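Topology and contacts: notes
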Amino acid sequence: MTSSPTPGLTRFNALDDSAAAADLHEVCASSAWGSKLLAQRPYATVESLFAANESAMAELTAEDLGEAMAGHAPIGRPKPGDPTSAREQRGMAGASEELKSELLELNLAYQEKFGHVFLICATGATGEFMRDAVKVRIDNSPEQEREIARGELVKINKIRLTRLVEPVELVELVEGE
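Reading the values: rules and limits
Residues numbered from 1 in each chain as written. Predicted model: local features only at pLDDT ≥ 70, side-chain atom pairs only at ≥ 80, totals over all residues. Heavy atoms only, no water. Buried < 20%, exposed > 50% of the residue type's maximum accessible area, 1.4 Å probe, protein only. Helix = DSSP H or I, 4+ residues; strand = E, 2+ residues; numbered from the N terminus. Contact = heavy atoms within 4.5 Å. Salt bridge = Lys/Arg side-chain N within 4 Å of Asp/Glu carboxyl O.

**Regarding helix H3 (residues 31-39)**
Residues of H3 that are buried: Ala32, Trp33, Gly34 and Leu37. Buried residues belonging to H3 abut helix H2 (17-27), helix H4 (46-59), helix H5 (62-70) and helix H9 (142-165).

**Quick notes on the environment of Cys121**
Along the chain, Cys121 falls in the loop between helix H7 (97-114) and helix H8 (127-137). Residues Cys121 and Ala149, spaced 28 residues apart in sequence, show a C-alpha to C-alpha distance of 9.2 Å. Those residues in contact with Cys121 that lie beyond four places of it in its chain are Glu152, Lys155, Ile156 and Ile159.

**What about the pattern of salt bridges?**
Evaluation of the coordinates by the stated rule reveals 10 salt bridges. For Glu102, the salt bridge identified is with Lys135, shortest N-O distance 3.1 Å. Pair noted here: Glu102 is in helix H7 and Lys135 is in helix H8, with a separation of 33 residues, a long-range link. As a salt-bridge pair, Glu147 and Arg150 come within 2.9 Å of each other at their nearest N and O atoms. Of this pair, Glu147 and Arg150 both sit in helix H9, three residues apart, which is roughly one turn of that helix. The structure contains a network of salt bridges with shared partners spanning Glu102, Arg131, Asp132 and Lys135.

Take a look at the structure:
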């Protein structure tokens, strides 16, 4: 990435707290995460924003993680009218009805076991990859799964933060759009 502030990062740093909080909530639904990132503004570089993301995510409680995960649509069922959800789950767009049905069943079993949606950084992932991941992860303990989900949130947040503060052309290169 870059070692100096981008125009998007400069814009984000200059926002009033309520507007910046709203932008951060679009990145991650955890209010604790958003508060931690908000408190560290202004960011000198995009890398420092990414580091704050990782640090804040590492400090989240189980309840905070639950709040963050509740902001995500189940794989294969992006939120209607939500371009972020649709973009991130693009790998499911061409999936067969059989794969969609299988993933729905796996998602429901996962949610019943863990009490939250199956969370994976879906950007660039195929439907088959996501199906195979849930098949493997459903056998994890709740503690293991919470930490895996935390790591997936770090990746998702980084992609979303990139979209927030980088030029669109660079984001498209990063995401392969």
